[in-house]
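# Close look at the chain arrangement
Given next are the chains, with one letter for each unit.
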Amino acid sequence: MDLDPLSLTTLLAVAAMAGWVDAVVGGGGLLLLPALLVGAPGMPVATALGTNKLAAIAGTTTAAVTYARRTKVDWAVAGPAAGLAVLCAGLGAALAGSVPGAAYRPVVLVVLVTVAVFVVARPRLGVVAEPQRRTRGRMVAAVAVAGVGIALYDGLIGPGTGTFLVLAFTALVGADFVHGSAMAKVVNAGTNLGALVVFGLTGHVWWLLGAAMAVCNIAGAVLGARMALRRGSGFVRVVLLVVVLALVGRLGYEQWLAG
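Since the structure is predicted, the reported quantities are computational estimates derived from the model, not experimental observations.

This part covers the pattern of salt bridges. Taken as a whole and judged by the stated rule, the model has three salt bridges. For the salt bridge of Lys53 with Asp154, the shortest nitrogen-to-oxygen distance reads 2.5 Å. Residue Lys53 is located in helix α3 (residues 45-70), and its partner Asp154 is located in helix α6 (residues 136-156); the two are separated by 101 residues in the primary sequence. For Lys53, a relative accessible area of 2% translates into the label buried.

See below:
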């Protein structure tokens, strides 16, 4: 497959933007995966997913390191979840070839609308930490939801994983949005690794394009993580709502109105 200069430039710009969004609140794949499918006509869905993972793992790992250096990460939850995520995302990636190209839109739409309603209905969610929620049972539930359920989804479909992880950690163990984002990046790095290994072994990664997008994704991720840490949980909550509502609008248009 060949790309014209305009398509390549657009994909690199979207990769940088996706890295910023992913580092702040997750959901960068909802920008980058559709851009790959549109910008590289004829690319199989599995190859688009695999190439997206190559770019994403660079950004999420960079963001995870940035967060870990500047804030406290709840490793008791994020560590086991990340370990499980490598395996479960790999399993999801192995099944990804069986998912039709248009199947991800309605699934992601339903989940995103649920996320938006949940965040709006609970205005204090994630703005202030609620340590009383961090019970043993909730920690186990968070590890299972993030490391198994969301990780399987990431390997199988992908877009929105970071956002779902942030919401899982804030809702289940009472993390604020900044610390929830820090934990999400650790687990998201694990999901990206597991999926990338499988996609790479099955020949579904465009390595040169993915590497170029990875550089741009890293730049966006560094900027996004630093901005989230500097501006705090209120800023992250606003970005979360804006991103979710914008993506619901775009995916809804593609699902029901676009040709």
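Moving on, we get to the nonpolar core. Counting 85 residues, the largest nonpolar core has Leu112, Phe169, Met183, Phe199, Met213 and Val236 as its most contacted members. If one sorts the elements of this core by residue count, helix α8 (residues 177-201) sits on top with eleven residues. Those residues in contact with Phe199 that lie beyond four places of it in its chain are Ala46, Leu49, Gly50, Lys53, Ala93, Ala96, Gly155, His204 and Val205.

Quick look at the packing of aromatic side chains now. Summed over the entire model, instances satisfying the criterion amount to two aromatic pairs. Ring geometry for Tyr153 and Phe164: centres 5.5 Å apart, planes at 65°, overall edge-to-face. Linking Tyr153 in helix α6 with Phe164 in helix α7 (residues 161-173), this pair joins segments that are eleven residues apart in sequence. Classification of Tyr153 by relative accessible area gives buried; the value is 15%. A relative accessible area of 10% means that Phe164 is categorised as buried. Against the face of Phe235 rests Arg231, its NZ or CZ located 5.3 Å from the ring centre.

What follows covers the layout of surface pockets. Size it by volume and the largest pocket reaches roughly 230 Å³. Lining the largest pocket are 13 residues, with Asp74, Arg134, Val173, Ala175 and His179 positioned closest to its centre. Residue composition of the lining of the largest pocket, grouped by class: six nonpolar, two polar and five charged.

Take the side chain of Thr170 next. Turning to its location among the elements, Thr170 is positioned in helix α7. Residue Thr170 is classed as buried on the basis of its relative accessible area of 0%. Looking at Thr170, its side chain comes within polar contact range of the main-chain oxygen of Leu167, at 3.0 Å. Look past the residues within four positions of Thr170 in its chain and what remains in contact with it is Leu125, Gly126, Arg133, Ala175, Asp176 and Phe177.

We now examine the packing of α6 against α7. Taken N-terminus to C-terminus, the directions of α6 and α7 make an angle of 170°; their axes are 10 Å apart at the nearest point. Of the possible angle classes, the one that applies to α6 and α7 is roughly antiparallel. Regarding α6 and α7, the two cross each other, and that crossing is right-handed. Across from Arg138, Met139, Ala141, Ala142, Val145, Ala146, Ile150, Tyr153 and Asp154 in α6, the residues of α7 making contact are Thr161, Phe164, Leu165, Ala168, Phe169, Ala171, Leu172 and Val173. Residues belonging to the contact of α6 with α7 are distributed by class as follows: 14 nonpolar, one polar and two charged.

About the cut-offs
For every chain, the first residue of its written sequence is number 1, and the numbers climb from 1 along that sequence. Totals for whole chains, interfaces and linings use every residue, but because this is a predicted model, local features are given only for residues with pLDDT of at least 70 and side-chain atom pairs only at 80 or more, for both listing and counting. Side-chain measures were taken over the full set of non-hydrogen atoms in the model, leaving aside hydrogen atoms and water. Any carboxyl oxygen of Asp or Glu that lies within 4 Å of a side-chain nitrogen of Lys or Arg is treated as forming a salt bridge with it. Elements are defined by DSSP. Helices are runs of H or I of four residues or more, strands are runs of E of two residues or more, and each kind is numbered from the N terminus. The classification of residues rests on relative accessible area computed with a 1.4 Å probe and restricted to protein chains. Under 20% of the type maximum is buried, over 50% is exposed, and intermediate values are partly exposed. For the purposes of this section, nonpolar cores are sets of buried Ala, Val, Leu, Ile, Met, Phe, Trp, Tyr and Cys residues that join through side-chain atoms within 4.5 Å. The contact criterion used is simple: two residues touch if any of their non-hydrogen atoms lie within 4.5 Å. Any Phe, Tyr or Trp ring, taking Trp's six-membered ring, that has another such ring centre within 6.5 Å forms a pair; planes under 30 degrees apart are called stacked, those over 60 apart edge-to-face, and the others tilted. Put simply, a charge is over a ring when the Lys NZ or the Arg CZ is close to the ring centre, within 6 Å, and near the line of the ring normal, within 35 degrees. For cavity detection a 1 Å grid was placed over the protein atoms alone, and a set of points counts as a cavity when a 1.4 Å probe fits there but cannot get out; an open set counts as a pocket when protein lies on both sides within 12 Å along at least five of seven lines, with lining residues being those that have an atom within 4 Å of a point. Grid points are joined across faces, edges and corners, and a volume is the space filled by probe spheres set on the points. As a working rule, the residues Ala, Val, Leu, Ile, Met, Phe, Trp, Tyr, Cys and Pro are called nonpolar, Asp, Glu, Lys and Arg charged, and the rest polar, with Gly in that last group. Polar contacts here mean pairs of N or O atoms no more than 3.5 Å apart (in protein, one a potential hydrogen donor and the other a potential acceptor; neighbouring residues in sequence count only if both atoms are side-chain atoms). Between N-to-C directions, angles span 0 to 180 degrees; the directions come from axes that are lines fitted to C-alpha atoms, helices contributing only their stretch in contact. Angles are sorted into four bins: roughly parallel if under 35 degrees, roughly antiparallel if over 145, roughly perpendicular if 65 to 115, and oblique for all others. Each crossing gets its hand from how the near helix is turned against the far one by less than a right angle, where anticlockwise is left-handed and clockwise is right-handed.

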